[in-house]
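Coordinate analysis (summary)
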Amino acid sequence: MDLSKHAFFEGKFIRFEDAKINIAVHGFLYGTTVFSGMRAYWNEEKKGLFVFRPYDHFHRLLDSAKIMSMSIPYDEQGLINLTLELLRKDNWQQDVYLRPTIYKADMGIGVRLHNLRDEFSMFVTSFDKYLSNDSNAHLTFSSWRRIDDNSIPARGKISGAYANSALIKTDANRAGFDEAIVLDQDGQVSEGSAMNFFMVRDGVLVTPPATDNILEGITRRSVIELAREELGIQVVERSIDRTEVFIAEELFMTGTAAQIVAATKVDYRPIGDGVMGPITTKLRALFDDVVRAKHPKYQHWNVEVNGG
Ligand code: PMP
């Protein structure tokens, strides 16, 4: 992994190795940090780097900040401008991943959200595949439950909540699975450790609604639109039972890091024919074109780093 040479840190661009946080900082001690994970994709023909849907990512980041009673002196466009400047400083010519964070930056003991200073920082790293076998992943149902909206809201991308994701991911991997499907407190499918869930049943694409304890994924939103507009298939957001998953025709998970991961087995049961299905295959190809700014209809989702 190549890390950026520069970072944006608490109001200015500095050298990455100088972007350090003290061990007494609130966001570190109590998980009072919100973050985003964005990607920028290199388009070889256009020799350009394109950030994928940065407005939507920053809008969700600012929503997470609102939930956590945080405020910073930037709006979405201000954050996009910082992102483009940071990417230009290191002249990236490859796919990269960006990690912006907003955190309670004061030092000291005392868990709360109020009367604390908020700061914004961001760094860039090179990034390849998140799951090594993203075309035939084997999933399990996690024994952990998804955190509830009334405990730590999954809708907010809150660092402290990722202890739940880490428990889910490690136990799945140690048991030999690639990723896990997580049920919420009511026993309905929510999502994976860091990806949204989709299945195909009777030719209809089904995904849990935003009210079933999921992160409202930007990839999820993109895939719903592409499936409806480009593949002409029906997409339904509704609660999903555990056993529906076993009898789905196709199954995939989506996320900025994961992109579109095809799952072909769940707890040793083959999904459909046990190979990546036609809808997943088409969506993966379409999505790759769209994120690389190769699809004219969706270029409003691509912000070029050196454009205009
Ligand atoms: N759910 C969780 C818990 C996640 O961490 C992520 C990754 N950000 C996602 C879903 C997918 O969201 P997105 O497509 O916006 O990356």
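Remember, predicted model here, so these are calculated numbers, not experimental data. (Residues numbered from 1 in each chain as written. Predicted model: local features only at pLDDT ≥ 70, side-chain atom pairs only at ≥ 80, totals over all residues. Heavy atoms only, no water.)

1. Topic: the pattern of salt bridges
One pass over the structure, following the stated rule, counts 20 salt bridges. A salt bridge links Asp18 to Arg15; its shortest N-O distance comes to 3.2 Å. We classify Asp18 as partly exposed; its relative accessible area is 39%. When the shortest N-O distance is used, the salt bridge between Arg53 and Asp56 registers 3.4 Å. Grouping residues by exposure puts Arg53 and Asp56 together as buried. If you follow the salt bridges from partner to partner, you end up with Arg15, Glu17 and Asp18 in one network. (Salt bridge = Lys/Arg side-chain N within 4 Å of Asp/Glu carboxyl O. Buried < 20%, exposed > 50% of the residue type's maximum accessible area, 1.4 Å probe, protein only.)

2. A few points about the site of the ligand
Around the ligand, the structure places 17 residues, and the nearest of them are Arg60, Tyr162, Glu191, Thr219 and Thr256. Separating an oxygen atom of the ligand from a side-chain N or O atom of Arg60 is a distance of 2.7 Å. Here Ile218 contributes a backbone N or O atom positioned 2.7 Å from an oxygen atom of the ligand. Expressed as a share of its isolated accessible area of 390 Å², the protein-covered part of the ligand is 96%. Of all the cavities here, the one that holds the ligand is the largest pocket. By residue class, the composition of the shell around the ligand is five nonpolar, eight polar and four charged. (Near = heavy atom within 4 Å. Polar contact = N/O pair within 3.5 Å; in protein donor to acceptor, adjacent residues only side chain to side chain. Areas by Shrake-Rupley, 256 points an atom, 1.4 Å probe, with all protein chains shown as cover. 1 Å grid on protein atoms, 1.4 Å probe; cavity = no way out; pocket = protein on both sides within 12 Å on 5 of 7 lines; lining within 4 Å. Sits in = over half its atoms within 2 Å of the grid points. Nonpolar A, V, L, I, M, F, W, Y, C, P; charged D, E, K, R; others polar.)

3. Comments concerning the pairing of strand S4 (residues 38–43)
The buried count for S4 comes to six of six residues, which makes it a mostly enclosed element. Because side chains alternate across S4, one face comprises the buried residues Met38, Ala40 and Trp42, and the other comprises Arg39, Tyr41 and Asn43, equally buried. In the sheet, S4 pairs with strand S5 (residues 48–52) via four bridges, with the strands oriented antiparallel. Of the residues in S5, the one forming a bridge with Ala40 is Val51. Between S4 and S5, which pair antiparallel one after the other, the connecting turn spans four residues, and Lys47 there sits at a positive phi close to 50°. (Helix = DSSP H or I, 4+ residues; strand = E, 2+ residues; numbered from the N terminus. Pairing = 2+ DSSP bridges.)

4. Concerning the layout of surface pockets
Put simply, the largest pocket is a space of about 330 Å³. If you trace the largest pocket, you find 24 residues lining it, with Tyr97, Lys157, Tyr162, Ala194 and Ala257 closest to the centre. Going through the elements one at a time, helix H2 (54–67), strand S6 (96–104), helix H5 (218–229) and strand S14 (250–255) are the ones with two or more residues in the lining of the largest pocket. Taken together, the residues that form the lining of the largest pocket break down as 10 nonpolar, nine polar and five charged. (Points joined across faces, edges and corners; volume = space filled by probe spheres on them.)

5. Considerations on unusual backbone geometry
Phi is positive for Arg53, close to 45°, though the residue is something other than glycine. Mapped onto the fold, Arg53 is located in the loop between S5 and H2. With a phi close to 55°, Ser69 is a non-glycine residue in the positive phi region. Mapped onto the secondary structure, Ser69 falls in the loop between H2 and helix H3 (76–90). Taking the relative accessible area as the measure of exposure, Ser69 reaches 47% and is therefore partly exposed.

6. Some thoughts on the packing of H5 against helix H7 (residues 278–291)
Packing of H5 against H7 leaves a shortest axis separation of 11 Å and a crossing angle of 115°. Relative to H7, the element H5 lies roughly perpendicular. By crossing handedness, the relation of H5 to H7 is classed as right-handed. Judged by residue contacts, Thr219, Ser222, Val223, Leu226 and Ala227 of H5 engage Leu283, Leu286, Phe287 and Val290 from H7. In terms of residue class, the contact of H5 with H7 is built from seven nonpolar, two polar and no charged. (Axes fitted to C-alpha atoms, helices over the stretch in contact; angles between N-to-C directions. Parallel < 35°, antiparallel > 145°, perpendicular 65-115°, else oblique. Left-handed = near helix turned anticlockwise from the far one by under 90°. Contact = heavy atoms within 4.5 Å.)

7. A look at a nonpolar patch on the surface
Residues Ile21, Ile23, Phe28, Leu29, Tyr30, Ile109 and Val111 make up a contiguous nonpolar surface patch of about 770 Å² in total accessible area. With respect to the element layout, Tyr30 can be found in helix H1 (residues 26–30). The class of Tyr30 is partly exposed, set by a relative accessible area of 31%. (Patch = residues over 30% accessible without salt bridge, like charges linked within 9 Å, V, L, I, M, F, W, Y side chains within 5 Å.)

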